[in-house]
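# Structural characterization, general
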Amino acid sequence: WDRQSPIGISQVETESTPAPRLHRQDGEIDWSLPAVQIANRIRGLKPWPGCFTHWQRDPQAVRLIIDQALVLAASAEGQAGEILELNEQGIHVATGSGRIVIEQLKPAGKRMLSSAEFLRGYPLATGNQFG
């Protein structure tokens, strides 16, 4: 066995470092980050710890686990975490740079829902704030 791989370059053992241990709080979305970075974080932290945010709904905050999202090149007019638009494509949220479209999400204790299913059961509106 010659330890050669046709893919990539072998790692130099003396220069390698272990990755930090993940904690549940690492999944909380910071909406001030660029949209691309948030989308990568959602993909990278799936399935555990998963990415989540909070939506302030009277009388308490609802924890939303974001399962699938995509980045739109459109500029974000609102402040980070603000819901800009609700349509058949998903829930458009402003980020630090650009906007992200949430396609699938899961309210805490419920099943995974598409954004259309979520909007039929929850009174989310433009101008609401995540985070």
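The following paragraphs examine the structure supplied in this document. These figures come from a predicted structure and were not determined experimentally.

### Considering the overall build of the chain
Within the chain, the secondary structure is distributed over two helices and six strands. The C-alpha radius of gyration of the chain comes to 18 Å, more than 25% above the 14 Å expected for a compact globule of 131 residues. Oriented by its inertia axes, the alpha-carbon framework of the chain measures out at about 60 × 35 × 25 Å. For the chain, the proportion of its 131 residues judged to be buried stands at 32%. Expressed as a percentage of contacts within the chain between residues at least 6 apart in sequence, the contacts between residues at least 24 apart total 56%.

### Comments concerning the pattern of salt bridges
Evaluation of the coordinates by the stated rule reveals four salt bridges. Where R99 meets E77, a salt bridge forms, and the shortest distance between an N and an O atom there is 3.3 Å. Taken as a pair, R99 in strand β5 (residues 99-107) and E77 in the loop between β2 (60-72) and β3 (83-87) lie far apart in primary sequence, 22 residues in all. Since its relative accessible area comes to 60%, E77 is described here as exposed. Each of the salt bridges in this network shares a partner with another, and the network as a whole consists of E77, E85 and R99.

### Digging into the pairing of strand β4 (residues 90-94)
Walk down a regular strand and you will see the side chains alternate between the two sheet faces. Burial of β4 is extensive: five of the five residues sit out of reach of the surface. Pairing of β3 with β4, which is carried by four bridges, proceeds in the antiparallel orientation. Following the sheet pairing, N87 is matched in β4 by G90. Hairpin geometry of β3 and β4 is characterised by an intervening segment of two residues between the two adjacent antiparallel strands. The sheet contact formed by β4 and β5 spans four bridges and is antiparallel. Within β5, the residue paired with V93 across the bridge is I100. Here β4 folds back onto β5, and the loop between the two strands holds four residues, one of which, G98, carries a positive phi near 95 degrees.

### Here we look at the packing of aromatic side chains
The tally for this structure, following the rule as stated, stands at four aromatic pairs. Relative to F118, the ring of W55 has its centre 6.3 Å away and its plane inclined at 65 degrees; by these criteria the two rings are edge-to-face. Linking W55 in strand β1 (residues 51-57) with F118 in helix α2 (residues 115-121), this pair joins segments that are 63 residues apart in sequence. We note R63 situated over the ring of F52; from NZ or CZ to the ring centre the distance is 3.9 Å.

### Considering the environment of L86
One can find L86 in strand β3. Residue class for L86 comes out partly exposed when judged on its relative accessible area of 29%. Setting aside residues no more than four positions away along its own chain, L86 makes contact with I91, L119, L124, A125 and T126.

Cut-off values and rules
Residues numbered from 1 in each chain as written. Predicted model: local features only at pLDDT ≥ 70, side-chain atom pairs only at ≥ 80, totals over all residues. Heavy atoms only, no water. Helix = DSSP H or I, 4+ residues; strand = E, 2+ residues; numbered from the N terminus. Rg over C-alpha atoms; globule rule 2.2 N^0.38 Å. Buried < 20%, exposed > 50% of the residue type's maximum accessible area, 1.4 Å probe, protein only. Contact = heavy atoms within 4.5 Å. Salt bridge = Lys/Arg side-chain N within 4 Å of Asp/Glu carboxyl O. Pairing = 2+ DSSP bridges. Phe/Tyr/Trp six-rings, centres within 6.5 Å; stacked < 30°, edge-to-face > 60°. Lys NZ or Arg CZ within 6 Å of the ring centre and 35° of its normal.

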